[in-house]
Amino acid sequence: MPDFIEINGEKVARGEDKLINLSIARLPTYTSIDLPVRVIRGEKPGPVLLISGGLHGDEINGIEIVRRMLVKNILRPESGSVIAIPLMNVYGFIQNVRGVPDGKDINRSFPGSKSGSLANLVAYNIMNEIIPKIDYGIDFHTGGASRSNFPQIRCTFDVPENIELAKVFSPPVILHSKLIEKSFRKAAYKKGKQILVFETGESLRIDNMGIEEAIKGTQRLMKHLGMIKNAPEPQKTEIFEKSSWVRAKIAGLFHPKVILGDNIHKRQLLGRITDPYGNETVKVVSNYNGKVIGLNYNPVVHKGDAILHIANRA
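Being a predicted model, the structure only gives us computed values, none of them experimental.

Criteria and cut-off values
- Residues numbered from 1 in each chain as written.
- Predicted model: local features only at pLDDT ≥ 70, side-chain atom pairs only at ≥ 80, totals over all residues.
- Heavy atoms only, no water.
- Helix = DSSP H or I, 4+ residues; strand = E, 2+ residues; numbered from the N terminus.
- Rg over C-alpha atoms; globule rule 2.2 N^0.38 Å.
- Buried < 20%, exposed > 50% of the residue type's maximum accessible area, 1.4 Å probe, protein only.
- Contact = heavy atoms within 4.5 Å.
- Lys, Arg positive; Asp, Glu negative; His and termini not counted.
- Charge placed at Lys NZ, Arg CZ, Asp CG, Glu CD.
- Axes fitted to C-alpha atoms, helices over the stretch in contact; angles between N-to-C directions.
- Parallel < 35°, antiparallel > 145°, perpendicular 65-115°, else oblique.
- Left-handed = near helix turned anticlockwise from the far one by under 90°.
- Nonpolar A, V, L, I, M, F, W, Y, C, P; charged D, E, K, R; others polar.
- Polar contact = N/O pair within 3.5 Å; in protein donor to acceptor, adjacent residues only side chain to side chain.
- Salt bridge = Lys/Arg side-chain N within 4 Å of Asp/Glu carboxyl O.
- Pairing = 2+ DSSP bridges.
- Phe/Tyr/Trp six-rings, centres within 6.5 Å; stacked < 30°, edge-to-face > 60°.
- Lys NZ or Arg CZ within 6 Å of the ring centre and 35° of its normal.

**What about the overall build of the chain?**
Part 1 of the reasoning: Each helix and strand in the chain was counted, giving 6 helices and 19 strands.
Part 2 of the reasoning: Whereas a compact globule of 314 residues would reach a radius of gyration of roughly 20 Å, the chain reaches 20 Å, a difference of no more than 12%.
Part 3 of the reasoning: Referenced to the eigenvectors of the C-alpha coordinate spread, the extents of the chain come out at roughly 70 × 50 × 35 Å.
Part 4 of the reasoning: Counting all 314 residues of the chain, 55% fall into the buried class.
Part 5 of the reasoning: For the chain, the proportion of contacts with a sequence separation of at least 24, taken over those separated by at least 6, is 67%.
Part 6 of the reasoning: One way to put it: in the chain the 43 positive side-chain charges average out to a point 5 Å from where the 32 negative ones average out.

Here it is in structure tokens:
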């Protein structure tokens, strides 16, 4: 562990706790938008762990996870250092949207460019100011609009260290997820950094159960990395290599018969789609044995809409 961690020209020594504002760009009003970065360092040497949320501006659970850990002083390591960024997409947060004002997704814009779009500019600053300083990371995410996720870690099973760290985190579900081009996780992996993605809840809603799972898992990971001495005991984790979305066969009103976290079997009734006038009903039946890890809470669906996400082993 280096004697100093330097971000945006500011140095943080061992044992220090410092807030650094990383300048990104300006709004059309010429109001500066800064990225607040908290650097918390232990006295003893150890790894550097990134804790981040809000890469998508409407994913409030990730922001709240990091905020609660900061408030509760959970992220203060005895050994090593924590770099905590509760809100990586300030622009999206201001407008309650997933991306940035130009409509682009930051998580499909890595490694970014200092002369590109706003999404590329945010990605560039993260990749050049933050990623070179870390060894590991946990990036907290949330389901999309009206689609809620059961608490889960997504990682690639193709990298042994990635799945090992996921098991240490001990979430209710671990799901194999390939590294996606231009994503934060893959860009960091190319730099030799291991990033786990934690998902829970739906956008613009607080999911307290999932938030607590994330906090406990972070403590377990920090203990495993030798950063703290005590952490909650591991829990039973279900590991799935595959997942599939069940899509609406017709448009109408979706009435689910299962809830998030339910274990289901092949040919089980998952719900029904009805027309608004009481003339038609179509059953939604499972093609798999598995677990419900995603659920569409918007009853109004169009043909082809994703309505349930099922984790399965075969």
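**What about the packing of helix α1 (residues 60-71) against helix α6 (residues 208-224)?**
Part 1 of the reasoning: Contact geometry of α1 with α6 gives a least axis separation of 10 Å together with a crossing angle of 50°. Viewed along their axes, α1 and α6 adopt a mutual orientation that is oblique. In this structure, the crossing between α1 and α6 has a hand that is right-handed. Between α1 and α6, the residues in contact are Asn61, Glu64, Ile65, Arg68 and Met69 and Asn208, Ile211, Glu212, Ala214, Ile215 and Thr218, respectively.
Part 2 of the reasoning: Residue composition of the contact of α1 with α6, grouped by class: 5 nonpolar, 3 polar and 3 charged.

**So, the side chain of Ser286**
Part 1 of the reasoning: Of note, Ser286 is situated in the loop between β16 (281-285) and β17 (290-296).
Part 2 of the reasoning: A distance of 2.7 Å separates a polar side-chain atom of Ser286 from the backbone oxygen of Tyr288.
Part 3 of the reasoning: Once you skip the residues sitting within four places of it in the chain, Ser286 turns out to touch Ile264, His265, Lys266, Arg267, Gln268 and Leu270.

**Things to note about the pattern of salt bridges**
Note on pairing: side chains with opposite charge can pair once their charged atoms come close.
Part 1 of the reasoning: For the structure on display, the rule yields 14 salt bridges.
Part 2 of the reasoning: As a salt-bridge pair, Arg68 and Glu212 come within 3.4 Å of each other at their nearest N and O atoms. Within this pair, whereas Arg68 is found in helix α1, its partner Glu212 is found in helix α6, the two being separated by 144 residues in sequence.
Part 3 of the reasoning: Each member of the salt-bridge network shares a partner with another, and the members are Glu64, Arg67, Arg68, Lys72 and Glu212.

**Quick notes on the sheet that holds β16**
Part 1 of the reasoning: With respect to topology, 4 strands assemble into an open sheet ordered β16-β15-β13-β18, the strand pairing being antiparallel. Of all the strands in the sheet, just β16 and β18 (300-301) have a single pairing partner and so form its edges.
Part 2 of the reasoning: Here 5 bridges tie strand β15 (residues 269-274) to β16, and the two strands are oriented antiparallel to one another. Paired with Thr274 across the strands is Thr281, a residue of β16.

**Some details on the packing of aromatic side chains**
Part 1 of the reasoning: For the coordinates displayed, the defined rule picks out 3 aromatic pairs.
Part 2 of the reasoning: Between the aromatic rings of Phe169 and Phe198, the centroid separation amounts to 5.7 Å while the plane-to-plane angle is 40°, which identifies the pairing as tilted. Here Phe169, found in helix α4 (residues 160-169), pairs with Phe198, found in strand β10 (residues 194-202); they are 29 residues apart in sequence, far enough to count as distant.
Part 3 of the reasoning: Phe169 gets classed as buried once you look at its relative accessible area, which sits at 0%.
Part 4 of the reasoning: Given a relative accessible area of 0%, Phe198 falls into the buried group.
Part 5 of the reasoning: Joined through ring pairs, the aromatic side chains of Phe140, Phe169 and Phe198 make up one cluster.
Part 6 of the reasoning: If you follow Arg26 out to its NZ or CZ, it ends over the ring of Tyr30, 3.8 Å from the centre.

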